[in-house]
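Results of the structural survey
So you can see what is in the structure, the chains are spelled out below.
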Amino acid sequence: MASGTSITAMREEATCSICLEMMTGPVSIDCGHTFCCICIMQFFENQRQESLSLGLFRCPVCREHFQQESIRPIRQLENLIDTIRRVEQESLCEEHGEKLCLFCEDDGQLICWRCERTPQHRGHTTVLREEVSPSFKKRFQETVTKLREVDDEYTTLKLDTEDQIIKWNRVIEHRRQRIQSDFKNLHTFLHEEEKSYLWRLEEEKKEILTELENRVATLEDKSQELKMCILELERNREGSAHELLKIIQQYQLALGFGPKLKQNTNKAISHVDRPMSAMAFNAQKPFYRNIGTMCIVSELYFDPKKILEQYQAIITLDPDTAHSVLHLAGDGKQVSWGPPQRKRDTPWRFQVSPCVLGCQTFTTGRYYFEVSIPKGPEWDVGVCLENVPRDSEVTLDPENGFWAIRLCKQNDYVALTSPLTPLCLRELAWFVGVFLDYEAGLVSFYNMYSGSHIFTFPKASFSEPLRPYFRIGKGSHLYLPSV
């Protein structure tokens, strides 16, 4: 609400100089003075006779000449006058119509001088409206300040909440990517397992069919021999008993039916019937064999780590293959880079690259081993052929007998294919699992900290022994956990 002083000043500006009341329908003339529209028109009528010859009028205030056509309404001033009247109306006592000039501190409200004398306010402490205004302004300012502080708190909370929204979106997005990655890794793992099992089943099929085909060929040969025997016996059945007995004994010995016959015809014939019946029985004996390749996916692959651990191998490092800068410790379970050592010369020791092999040799079956690399800027982990070159620099890829992954000095992971295959890992691979399926020709790598698949080399055809392979860069250290 505007103060009394402000209202008074605005009322003075809105007072007509002719009627000395607040203007009604305010208008202005050329000199800038304003009047009530009715007042200035009445002024024209009074001045018309003396000013008609010239067509000019004089301003009632400054006496400047102006023409009637220059009169124009002032809408903004009219709106301001309506506001002043509305404020003044609000400042009047509704009961007595008097100006609200007092403030009752007991009831906390504005009253007029007549309200002060009523029983409702009699005996209350009252002060002039103008005197109480500063204290109310102070309280008002304190309230505004408090509200601003609360608003600042809300603004801070709002900004914090918006930051939380951003953070939670990031967390949810990271979790979504993790779920997608885990399922992708599981799909990849199961796909490789499916190929391995199908390959094993196909190999078993070949063995079974080969055995059955050989059985068919053997039975065919036996059948031909029997047919020839029957024809020979039929050609000689008109001979003497002695000749028949001799022929029967010859066929028995030739077909492996033994035993020796007695020297009479009836017993000889009975001995012939017995081996013939046995031969017929052997020919009809059914073929039976269990199929070893079986996979119950829901039970076997519920946890990929469990299936890998079924093939876990105990790996130790071979000191006769270790380069001179590699220091072995922990009963062949640890290796690190260090100052060159004097080691006895062996044909199996690496002379150029800082490499070492595992003692174990893989020639068939499935194997899995884990490698922990707690620190190190550079390393290789995988398998290699047992007869890889040790005294010359070669490209480490499958064509030269190496199936491994590498951490480079720039913290980049690659698979040692030709050309190198970049590996985009979301987490550091400081605990690596290596899985080998010799018959299927598969070498796969897993981040065992998260259980995620890292890489699988394209299918190979192994025909020579394989061994665990490790290359240690300067400042690196790895160890083989005990099973």
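None of the values given here were measured: they were computed from a predicted structure.

All right, on to the overall build of the chain then. Counting its secondary structure elements, the chain contains 8 helices and 21 strands. The 483 residues of the chain split such that 33% are buried. Summed over all atoms, the accessible surface of the chain reaches about 30,800 Å², with 53% contributed by carbon and sulfur.

Another aspect to go through is the sheet that holds strand β15 (residues 413-415). Strand order across the open sheet formed by 6 strands is β11-β20-β13-β14-β15-β16, with antiparallel pairing between neighbours. A single partner strand is all that each edge strand has here, and the edge strands are β11 (355-357) and β16 (421-423). Each neighbouring strand pair of the sheet contributes to a mean axis angle of 20 degrees, computed without reference to strand direction. As paired elements, β11 and strand β20 (residues 466-472) share 3 bridges and run antiparallel to each other. Across the sheet, cysteine 355 pairs through a bridge with arginine 471, a residue of β20.

With that out of the way, let us pick up a nonpolar patch on the surface. A contiguous nonpolar surface patch, about 330 Å² in accessible area, is contributed by Trp168, Val171 and Ile172. Here isoleucine 172 is to be found in helix α4 (residues 129-235).

The next subject is unusual backbone geometry. Backbone torsion omega between serine 418 and proline 419 reads 0 degrees, so that peptide bond is classified as cis. Mapped onto the elements of the fold, proline 419 is located in the loop between β15 and β16. You will see that aspartate 331, though not glycine, has its phi angle at about 55 degrees, which is positive. In this fold, aspartate 331 is placed in the loop between β9 (326-329) and β10 (334-337).

What follows is about the packing of aromatic side chains. Throughout the structure, instances matching the rule amount to 10 aromatic pairs. With centroids separated by 6.0 Å and ring planes inclined at 25 degrees, the aromatic side chains of tryptophan 430 and phenylalanine 431 adopt a geometry described as stacked. Assessed through its relative accessible area of 37%, tryptophan 430 is described here as partly exposed. Through a chain of ring-to-ring contacts, three or more aromatic side chains come together here, namely Trp403, Tyr438 and Phe462. The aromatic ring of phenylalanine 350 is capped on one face by arginine 390, whose charged end is 5.1 Å from the ring centroid.

Right, let's talk about the nonpolar core for a bit. Formed by 51 residues in total, the largest nonpolar core has its most connected members in Trp403 and Phe470. Once you skip the residues sitting within four places of it in the chain, phenylalanine 470 turns out to touch Leu317, Pro354, Cys355, Val356, Gly358, Phe369, Val371, Asp380, Val381, Leu478 and Leu480. Cys39, Cys59, Phe66 and Leu77 belong to the second-largest nonpolar core, a separate cluster that totals 18 residues.

A separate point is the confidence of the model for the chain. Overall, the predicted model of the chain reaches an average pLDDT of 81, with 82% of residues at or above 70. Contacts of residues 259-283 to residues separated by more than four positions or lying in other chains number 28 contacts, the stretch itself having pLDDT below 50.

This next bit is on the pattern of salt bridges. A side chain of one charge can pair with a side chain of the opposite charge when the charged atoms of the two come close. Evaluation of the coordinates by the stated rule reveals 13 salt bridges. Lysine 195 serves as the salt-bridge partner of glutamate 192, at 3.5 Å between the closest nitrogen and oxygen. Taken together, the positions of glutamate 192 and lysine 195, both in helix α4 and 3 residues apart, correspond to about one turn of that helix. Lysine 195 sits in the partly exposed class, given a relative accessible area of 38%. Lysine 206 is the salt-bridge partner of glutamate 203, the closest N and O atoms lying 3.7 Å from each other. Residue glutamate 203 and its partner lysine 206 are both found in helix α4; the two are separated by 3 residues, about one turn of the helix. Note on glutamate 203: relative accessible area 26%, which makes it partly exposed.

Here the focus is the sheet that holds strand β7 (residues 109-111). Sheet architecture is open: 3 strands sit in the order β7-β6-β8, paired in antiparallel fashion. Only two strands of the sheet have a single partner each, and these edge strands are β7 and β8 (126-128). Neighbour-to-neighbour, the strand axes of the sheet open up by a mean angle of 35 degrees, direction not taken into account. Sheet analysis places strand β6 (residues 102-104) next to β8, joined by 3 bridges and oriented antiparallel. Considered in β8, the bridge of phenylalanine 103 is made with valine 127.

The next thing to look at is the side chain of glutamate 192. Given the relative accessible area of 11%, glutamate 192 is considered buried. Sequence-distant contacts of glutamate 192, defined by excluding residues within four places in its chain, comprise Leu442 and Thr456.

With that out of the way, let us pick up a negative patch on the surface. Among the surface-exposed residues, Glu149, Asp151, Asp152 and Glu153 lie close enough to one another that they form a single negatively charged patch. Assignment of secondary structure puts glutamate 153 in helix α4.

Turning to the environment of arginine 122, a few remarks are in order. For arginine 122, the position within the fold is in the loop between β7 and β8. In contact with arginine 122, other than residues within four places in its own chain, are Glu116 and Arg117.

Take the pairing of strand β13 (residues 379-385) next. Each regular strand shows side chains that alternate between the opposite faces of the sheet. Here β13 lies mainly inside the structure; 7 of its 7 residues are buried. Bridge analysis of β13 against strand β14 (residues 402-407) gives 6 bridges, and the strand direction is antiparallel. Directly across from cysteine 384, in β14, lies its bridge partner phenylalanine 402.

With that settled, the discussion passes to the environment of alanine 329. As for its placement among the helices and strands, alanine 329 is situated in strand β9. Residues alanine 329 and leucine 317 lie 12 residues apart in sequence; the distance between their C-alpha atoms is 9.3 Å.

What follows is about the state of the cysteines. Under the criterion given, the structure shown has 0 disulfides. Of all cysteine sulfurs in the structure, the one in cysteine 59 sits closest to cysteine 31, which takes part in no disulfide; the separation is 3.6 Å. On the accessibility criterion, cysteine 31 (30% relative accessible area) is partly exposed.

Rules and cut-offs
- Residues numbered from 1 in each chain as written.
- Predicted model: local features only at pLDDT ≥ 70, side-chain atom pairs only at ≥ 80, totals over all residues.
- Heavy atoms only, no water.
- Helix = DSSP H or I, 4+ residues; strand = E, 2+ residues; numbered from the N terminus.
- Buried < 20%, exposed > 50% of the residue type's maximum accessible area, 1.4 Å probe, protein only.
- Areas by Shrake-Rupley, 256 points an atom, 1.4 Å probe, with all protein chains shown as cover.
- Pairing = 2+ DSSP bridges.
- Axes fitted to C-alpha atoms, helices over the stretch in contact; angles between N-to-C directions.
- Patch = residues over 30% accessible without salt bridge, like charges linked within 9 Å, V, L, I, M, F, W, Y side chains within 5 Å.
- Salt bridge = Lys/Arg side-chain N within 4 Å of Asp/Glu carboxyl O.
- Phe/Tyr/Trp six-rings, centres within 6.5 Å; stacked < 30°, edge-to-face > 60°.
- Lys NZ or Arg CZ within 6 Å of the ring centre and 35° of its normal.
- Core = buried A, V, L, I, M, F, W, Y, C linked by side-chain atoms within 4.5 Å.
- Contact = heavy atoms within 4.5 Å.
- pLDDT = per-residue confidence, 0-100.
- Lys, Arg positive; Asp, Glu negative; His and termini not counted.
- Charge placed at Lys NZ, Arg CZ, Asp CG, Glu CD.
- Disulfide = S-S within 2.5 Å.

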